[in-house]
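Close look at the chain arrangement
Chain by chain, the residues run as shown.
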Amino acid sequence: MIVLEKMVDLSPLYISLKTAIITIVITFFLGLFLAKWTLNRKHDLTKIILDGIFTMPLVLPPTVMGFFLLMIFGVNQPIGKLFLHVFHYKITFSFSATVIAAVVISFPLMYRSAKAAMEQIDHDLIDAGRTLGIFFTVILPEAMPGIISGGVLSFARGLGEFGATAMLAGNIVGKTRTLPLAVYSEVMSGNYDNAGVYVFIIVV
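Here's a quick rundown of the structure. Here the structure is a predicted model, which means the values were calculated and not measured. (Residues numbered from 1 in each chain as written. Predicted model: local features only at pLDDT ≥ 70, side-chain atom pairs only at ≥ 80, totals over all residues. Heavy atoms only, no water.)

Let's talk about the nonpolar core
Residues Leu-32, Phe-54, Tyr-111, Ala-114, Met-118, Ala-143 and Ile-147 are the most contacted members of the largest nonpolar core, which totals 16 residues. Apart from residues lying up to four places away in sequence, Ala-143 is in contact with Ala-117, Met-118 and Ile-121. Counting residues in each nonpolar core, the second largest holds 10 residues, with Met-65, Phe-73, Ala-164 and Leu-168 among its members. (Core = buried A, V, L, I, M, F, W, Y, C linked by side-chain atoms within 4.5 Å. Buried < 20%, exposed > 50% of the residue type's maximum accessible area, 1.4 Å probe, protein only. Contact = heavy atoms within 4.5 Å.)

A short note on the packing of aromatic side chains
Here the structure, examined in full by the defined rule, presents 7 aromatic pairs. Considering the side-chain rings of Phe-107 and Tyr-111, the 5.7 Å spacing of their centres and the 25° angle between planes classify their relative orientation as stacked. Placement of both Phe-107 and Tyr-111 in helix H6 (residues 95-119) is noted, with a separation of 4 residues, approximately one turn of the helix. You'll find Phe-107 and Tyr-111 in the same group, each marked buried. Grouped by ring-pair contacts, the aromatic residues Phe-54, Phe-107 and Tyr-111 constitute a single cluster. The ring centre of Phe-95 lies 4.6 Å from the NZ or CZ of Lys-18, which sits over that ring. (Phe/Tyr/Trp six-rings, centres within 6.5 Å; stacked < 30°, edge-to-face > 60°. Helix = DSSP H or I, 4+ residues; strand = E, 2+ residues; numbered from the N terminus. Lys NZ or Arg CZ within 6 Å of the ring centre and 35° of its normal.)

So, the pattern of salt bridges
Counting across every chain of the model gives 4 salt bridges. In this structure, Glu-119 and Lys-115 form a salt bridge, with 3.0 Å as the shortest nitrogen-oxygen distance. Residue Glu-119 and its partner Lys-115 are both found in helix H6; the two are separated by 4 residues, about one turn of the helix. The class of Lys-115 is buried, set by a relative accessible area of 12%. Via salt bridges that share partners, Asp-51, Arg-112, Lys-115 and Glu-119 belong to a single interconnected network. (Salt bridge = Lys/Arg side-chain N within 4 Å of Asp/Glu carboxyl O.)

Here it is as structure tokens:
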């Protein structure tokens, strides 16, 4: 590890892991809650609209989602301005921005996996468990394989997020430069050996 750290800057690895860990905690519970909430909607049209909104980050280019995030959290935008003036905290180009970008981009994977797993549960089993605290005693155990799969995918997506992170958080060494951004930077600088090390870490 010491030899490797002398060869390449390992701060992108630490930033990426920290980002991915915080991201999976947020997306795991948020994905579960919104998947269950969407399934409980009575109108099919409402379900379709919600599903489309929650899935949108999966199908839109990450740079487009990054643009939307800038329109929300930029210093001249409502939420960004609120944080800057009330909390004296600038969201853009901060570590928080890397987490926000990763959460938005990886959320659909957790949401869709959890929703699909819950949809596969036998409704007779659900009806039988209504008096037993249905979510924790029936739905969650039955849907667990799909939920775990969604968690793994979300973690990996959060670790590898590039476009939205570059737009919202920038590419600041030791602060917001994640592994994908480090790969890009090293390739642009012609340091293919260092880029190869980062790529190897991401793949592993």
